[in-house]
Amino acid sequence: MDMSTPVLAPAGAVNKALTGEVFSALINLSGRRRFTSQRIVLYALLASQGQEDASATAQEALALFRGAHKSLLSEADGLPGVFCPELRDAYFGKMDGDRRIVAFADLGERTLSAIARGSSQAAELLAELVRITTPTLGILNTITGIYEEQAKQNARLVRKQLRGVITDIETINRQARMVAFNARIVAARAGAAGVEFSVVAGVLSNITGEIDEMVAAALTAAG
């Protein structure tokens, strides 16, 4: 069963900027996929032993697993799909992550169906599901690590860009302070005629002071 419609960025394309909120969502979805993969197997085992509601719980976990995988691969609902070469390689390269994740989900579905029907194949399917659980979890862990590393790189880039913007603001602010200082001198020399000009210069000076405080706060937040 096809779980997703992957949307791949063109090779060599520059990724559009992703927000911290988007990265948090991606990491949470990847973590949900890891967690639910274990619930599928656990409750499939319990269902095979006849525990009440275990099959329903496993089916719920399977639906969450499929939904998380589809969301991670599809460019929709504010999520970027497969947005970097590292993910492209993990899902569709040597690791063959997408195919193996889909195969795990499909096997889980067949196993649960066989258990529900009391099929003679249920034990064999369950054994195979248990067998591929550890390698599947390894893939999921690796991919989650990629999302986490991409989030860290993005945070570093944002901080670098913020510092660049702040540097520009500081340069403009220094120039504004110089203008305000010169304006005060000109106003003082103009006597009574320069009073209004002096007021404007004073306001400009106050504004530059406020900008200094904002810059200091932004630098502290940027870390």
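The structure under discussion appears in the preceding block.
Residues numbered from 1 in each chain as written. Predicted model: local features only at pLDDT ≥ 70, side-chain atom pairs only at ≥ 80, totals over all residues. Heavy atoms only, no water.

Visitor: Hey, could you run me through the pattern of salt bridges in this one?
Guide: Side chains bearing opposite charge may pair, as long as their charged atoms lie close to each other. Applying the stated criterion across every chain yields a total of five salt bridges. Salt-bridge contacts for R99 lead to D96; the nearest nitrogen and oxygen are separated by 2.4 Å. On the basis of relative accessible area, D96 is assigned to the partly exposed category, the value being 25%. Three or more residues are tied together by salt bridges with common partners; here these are R66, D106 and E109. (Salt bridge = Lys/Arg side-chain N within 4 Å of Asp/Glu carboxyl O. Buried < 20%, exposed > 50% of the residue type's maximum accessible area, 1.4 Å probe, protein only.)

Visitor: Can you walk me through the nonpolar core in this structure?
Guide: The nonpolar side chains of a soluble globular protein tend to be buried, and buried together. Core analysis: the largest hydrophobic core is formed by 44 residues, its most contacted members being L26, F83, L87, Y91, L129, I143 and Y147. Secondary structure elements with two or more residues in this core: α1 (20–48), α2 (54–73), α3 (85–92), α4 (97–117) and α5 (122–190). At eleven residues, the largest contribution of residues to this core is made by α5. (Core = buried A, V, L, I, M, F, W, Y, C linked by side-chain atoms within 4.5 Å. Helix = DSSP H or I, 4+ residues; strand = E, 2+ residues; numbered from the N terminus.)

Visitor: In this structure, what is going on with unusual backbone geometry? I would like to understand it.
Guide: What you tend to see is this: most non-glycine residues have negative phi, and most peptide bonds are trans. The backbone phi angle of D53 is positive, close to 70 degrees, even though this residue is not glycine. Accessibility expressed as a relative area gives 55% for D53, which makes it exposed. Unlike most non-glycine residues, D96 shows phi in positive territory, near 55 degrees. Relative to the helices and strands, D96 is located in the loop between α3 and α4.

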